[in-house]
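An overview of the molecular structure
Here are the chains, one letter per residue:
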Amino acid sequence: MKTLLIILFMTTSFATEEKALQQIKSYGKALKSELKAAMKKSPEHAVEVCNLKAPQIQNKNSNENIKIGRVSTKNRNPNNFPKKWMLETIQAYQQNKIQKPFTVVSLENGKQGLLKPIKTMPLCLNCHGTNIDPKLYSTIKKKYPNDKAVGYKAGQIRGFFWAEY
Ligand code: HEC
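Overview of the structure. (Residues numbered from 1 in each chain as written. Predicted model: local features only at pLDDT ≥ 70, side-chain atom pairs only at ≥ 80, totals over all residues. Heavy atoms only, no water.)

**Focus on the overall build of the protein**
Helix and strand content of the protein: five helices and four strands. Listing each helix as α and each strand as β along the protein from the N terminus yields α-α-β-α-β-β-α-α-β. Its C-alpha atoms give the protein principal-axis dimensions of roughly 65 × 30 × 25 Å. Considering the protein as a whole, with its 165 residues, one finds that 38% of them fall into the buried category. (Helix = DSSP H or I, 4+ residues; strand = E, 2+ residues; numbered from the N terminus. Buried < 20%, exposed > 50% of the residue type's maximum accessible area, 1.4 Å probe, protein only.)

**Remarks on the nonpolar core**
Core analysis: the biggest nonpolar cluster contains 13 residues, and I24, Y27, I66, I68, L114, A163 and Y165 have the highest contact counts within it. Listing elements by their share of this core, those giving two or more residues are helix 1 (2–41), helix 2 (43–60) and strand 4 (157–164). In contact with A163, not counting residues within four places along its chain, are A20, I24, I66, K67, I68, W85, Q112, G113 and L114. I90, I98, L107 and W162 belong to the second-largest nonpolar core, a separate cluster that totals 11 residues. (Core = buried A, V, L, I, M, F, W, Y, C linked by side-chain atoms within 4.5 Å. Contact = heavy atoms within 4.5 Å.)

**Here we look at the side chain of H128**
By the element assignment, H128 lies in helix 4 (residues 125–128). Excluding residues within four positions of it along the chain, H128 makes contact with R76, A149, V150, G151, Y152 and R158.

**A few points about the site of the ligand**
Lining the immediate surroundings of the ligand are 23 residues, of which R76, C124, C127, H128 and Y144 lie closest. R76 has a polar backbone atom sitting 2.7 Å from an oxygen atom of the ligand. Those elements that place two or more of their residues in the shell around the ligand are helix 1, helix 2, strand 3 (112–119) and helix 4. Ranked by residues supplied to the shell around the ligand, first place goes to helix 2 with five residues. Taken together, the residues of the shell around the ligand sort by class into 14 nonpolar, four polar and five charged. (Near = heavy atom within 4 Å. Polar contact = N/O pair within 3.5 Å; in protein donor to acceptor, adjacent residues only side chain to side chain. Nonpolar A, V, L, I, M, F, W, Y, C, P; charged D, E, K, R; others polar.)

**Some details on the side chain of N75**
Within the secondary structure, N75 is located in the loop between strand 1 (67–71) and helix 3 (84–94). Ignoring anything within four residues of it in the chain, the contact list for N75 reads N80, F81, N146, D147, K148, A149 and R158.

**Details of the state of the cysteines**
Scanning all chains against the criterion turns up zero disulfides. With no disulfide of its own, C50 has C127 as its nearest cysteine by sulfur position, at a separation of 6.8 Å. (Disulfide = S-S within 2.5 Å.)

**Observations regarding the sheet that holds strand 2 (residues 103–106)**
On the basis of which strands lie adjacent, the open sheet formed by four strands has the order 1-4-3-2 and antiparallel pairing. Across the chains shown, the open sheet's two edge strands, defined by having one partner strand only, are strand 1 and strand 2. Taking the axes of each pair of neighbouring strands and ignoring which way they run, one obtains an average angle of 25 degrees across the sheet. As paired strands, strand 3 and strand 4 are joined by seven bridges and run antiparallel to one another. By the bridge assignment, I118 is partnered in strand 4 with G159. Set on the sheet, helix 3 makes contact with strand 1, strand 2, strand 3 and strand 4; between it and strand 3 the angle comes to about 35 degrees. (Pairing = 2+ DSSP bridges. Axes fitted to C-alpha atoms, helices over the stretch in contact; angles between N-to-C directions.)

**Comments concerning the pattern of salt bridges**
One pass over the structure, following the stated rule, counts five salt bridges. One salt bridge connects E34 with K53, and the closest N-O pair in it is separated by 3.4 Å. Of the two residues, E34 sits in helix 1 while K53 sits in helix 2, which places them 19 residues apart along the sequence. With its nearest N and O atoms 3.8 Å apart, the salt bridge here joins K135 to E44. You can see K135 sitting in helix 5 (residues 134–143) and its partner E44 sitting in helix 2, a full 91 residues away along the chain. (Salt bridge = Lys/Arg side-chain N within 4 Å of Asp/Glu carboxyl O.)

Here's what the structure looks like:
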């Protein structure tokens, strides 16, 4: 009976992990397609779209059981600074001590926390790179006066998707 319960527990918690990863995937996909469509018009327009739509898309892909979002220690939106439980894992990724595609940690409240690194791609450098167009950057600064999300190179970790469940 005990073994059965343990197996049952493990199966449900893996199933939830799978669901969290799927929510993160559809969140990432939706963000990228919005971004790409907006960039066709102009990078300034894409900043508007990120500003308005990123939080909306985040809420749409969260539910009562599984909350998801994005964080970075060099964050643009002040709401996207990592929570305490995330910091140790983020540092381990940044120091190359973890290479796994995602990491799950147990939280104090009995829930699970999941972190999945987001790589910087060439497209991202328009707004997160070392050489941002000054006019575009003034648009960004107007919306995000405390912006820290610059100076990245392609291939570096820009931030993390997170889930709590
Ligand atoms: C058109 C400019 C633009 C481009 C291109 C862009 N971003 Fe962003 N990025 C933003 C803005 C604006 C925000 C703040 C969104 C918000 O308010 O939630 C942001 C926020 C983020 C965040 C959340 C953490 C934070 O700093 O607030 C991550 C992670 C991120 N971007 C990754 C990427 C990645 C990866 C790419 C390339 C696929 C990319 N961005 C391309 C403008 C851009």
